[in-house]
Amino acid sequence: MNFKKAAWINNTDVYEVNTRQYTPEGTFNAFAKELPRLQDMGVSTLWFMPVTPIAQQNKKGSLGSPYACSDYTAINPEFGTMDDFKALVKLAHSMSFKVIIDWVANHTGWDHVWTVTNPDYFKREDNGDFKIASGMDDIIELNYQNPALRKAMIDAMVFWVKECDIDGYRCDLAFWVQLDFWLEARAELEKTKTLFWLAESDPLDHEDYYQAFDACYTWTWMHKTEEFYKHGQNKYLLDEVVHRYDTNGGPDAIPLWFTSNHDENTWNGTEYEKYGDAAKALAVFSFTRNGMPLIYSGQELPSLKRLQFFDKDQIEWNGKYELHDFYKKLLGLHKNNPALRAGDAAVTTYNLSVNNADKVMAYLRKNGEHEVLVVLNFSREALSCSILDEHLGGKFTNVFSKKEDNFSGLKIVEMKPWEYLVYEK
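In this text the structure is predicted, and so the values were computed from the model without any measurement. (Residues numbered from 1 in each chain as written. Predicted model: local features only at pLDDT ≥ 70, side-chain atom pairs only at ≥ 80, totals over all residues. Heavy atoms only, no water.)

### Structural notes on the overall build of the protein chain
From N to C terminus, the protein chain includes 13 helices and 19 strands. Compactness check: the protein chain gives a C-alpha radius of gyration of 22 Å against a globular reference of 22 Å for 425 residues, within 12% of the reference. With respect to the three principal axes, the spread of C-alpha positions in the protein chain is 70 × 45 × 45 Å. The 425 residues of the protein chain split such that 60% are buried. Look at the contacts in the protein chain between residues 6 or more apart in sequence, and 71% of them connect residues 24 or more apart. Total accessible area on the protein chain is roughly 16,400 Å²; 48% of this is exposed by carbon and sulfur atoms. Positive and negative side-chain charges of the protein chain, numbering 45 and 62 respectively, have mean locations separated by a distance of 4 Å. (Helix = DSSP H or I, 4+ residues; strand = E, 2+ residues; numbered from the N terminus. Rg over C-alpha atoms; globule rule 2.2 N^0.38 Å. Buried < 20%, exposed > 50% of the residue type's maximum accessible area, 1.4 Å probe, protein only. Contact = heavy atoms within 4.5 Å. Areas by Shrake-Rupley, 256 points an atom, 1.4 Å probe, with all protein chains shown as cover. Lys, Arg positive; Asp, Glu negative; His and termini not counted. Charge placed at Lys NZ, Arg CZ, Asp CG, Glu CD.)

Written out as structure tokens, the structure reads:
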């Protein structure tokens, strides 16, 4: 089944919005005031964590998990009203943002409206109780063998497109729901609008989900880079993982790269806990390799804080936004240079020959006359990197320093530990 792709997804990025922790108020109206800053930074797509109300029975913490829904077609009053959300989407669209929302299709909270109106929508334990989802006792599993449940779920997804004019879905734990449902859902939602479909599912484990989704998470890369940094592993292990993503899912497949997100930040640590002084080099990789980059709320600070998940715990904004310009340059490059288009057969990525390939990752991306060159020192030592490759030549401009360099013939660049060099022409 071939679905139409939204024309804007090849050069887009995703900025994950944690509404609860973003502002003192934790509301849509308060977040709306941040849009001019994010627009200046160059963000294209806003992903809102679940906007639906939270189940109260068996909830975790003082506020509960946004991923324990009590009604698929209502707004969490913690964030405001439906009219507030509609106004936010409208404002975002007027500023050229796209808006996608988190969709939790596998499970609900214990007091979801369907537990009363349609209890047959849920799986059951042997004793007749609702089935707890994968050991997390605040959520219960839906039964996708029931055609009526599938229709109700699709109707709820259509609701948000028709009522709020959203541009797509980030589908939570997409691989927990059978693929044929997503194919059915996408086919039905195609009738409303050509949406962007992002799966929280690693294509190295579930390549077939690319049949229904435009982009999929790179969990394997995330885990391997953390192990690589913390345990001083061989950089060739990273090359192997990148190759797997490069060759996975066909020419229009789009891997989503990230150094942080809501789960990672809360449960496993900030990108600085995980990657230390390699964090920025890995961010550069996320923006320049074939795929789509993700930024989590507060990474532009930079945020050194693990945010609580079930309680109010605001991002500690200080008005400085020290990485605003760092991300602005990367966002602008990714959005505007055709050589960085994701899932586009017109783009070729060349892994370049260097003298210290055990420490340096160097690659060139080309689309016609447009080229982006990236050299990353993935080591704790300063080094001289010699680059000589038949695919590389001519003058490039450094994206960060604006200095021009000639890469015709043998080029030697001096690099500090974990340094990143990004050039375009």
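On we go.
### Here we look at the pattern of salt bridges
Within this structure, the stated rule accounts for 35 salt bridges. In this structure, Asp214 engages Lys5 in a salt bridge whose closest nitrogen and oxygen atoms are separated by 3.1 Å. Here the residue Asp214 occupies a position in the loop between β8 (196-199) and β9 (215-217), and Lys5 occupies one in the segment before β1 (14-17), the gap between them amounting to 209 residues. Among the residues examined, Lys5 registers a relative accessible area of 31% and is labelled partly exposed. We note a salt bridge from Lys193 to Asp165, for which the minimum N-O separation is 2.8 Å. (Salt bridge = Lys/Arg side-chain N within 4 Å of Asp/Glu carboxyl O.)

### Describing helix α9 (residues 236-246)
For α9, the set of buried residues is Leu238, Val241, Val242 and Tyr245. Buried residues of α9, viewed axially, fall in a sector of 100°; they line one side. Against the buried residues of α9 lie β9, α8 (219-231), β10 (254-257), α12 (279-288) and β13 (360-367). (Arc of directions from axis to C-beta.)

### Quick word on the sheet that holds strand β2 (residues 45-48)
Sheet architecture is closed into a barrel: eight strands sit in the order β1-β2-β3-β7-β8-β9-β10-β11, paired in parallel fashion. Pairs of neighbouring strands in the sheet enclose a mean axial angle of 25°, with direction left out of account. Two elements, β8 and β9, share two bridges in a ladder whose sense is parallel. Its bridge partner being in β9, Ala199 is matched across the sheet by Cys216. In the packing of α12 onto the sheet, the strands contacted are β10 and β11 (292-296), and the crossing angle to β11 comes to about 135°. (Pairing = 2+ DSSP bridges. Axes fitted to C-alpha atoms, helices over the stretch in contact; angles between N-to-C directions.)

### What about the packing of aromatic side chains?
Enumeration over the complete set of coordinates arrives at 46 aromatic pairs. Between Trp221 and Phe285, the aromatic rings sit 4.4 Å apart at their centres with planes inclined by 25°, giving stacked as the arrangement. One end of the pair, Trp221, is in helix α8; the other, Phe285, is in helix α12, with 64 residues separating them in the sequence. In this structure Trp221 comes out as buried when scored by relative accessible area, which is 2%. (Phe/Tyr/Trp six-rings, centres within 6.5 Å; stacked < 30°, edge-to-face > 60°.)

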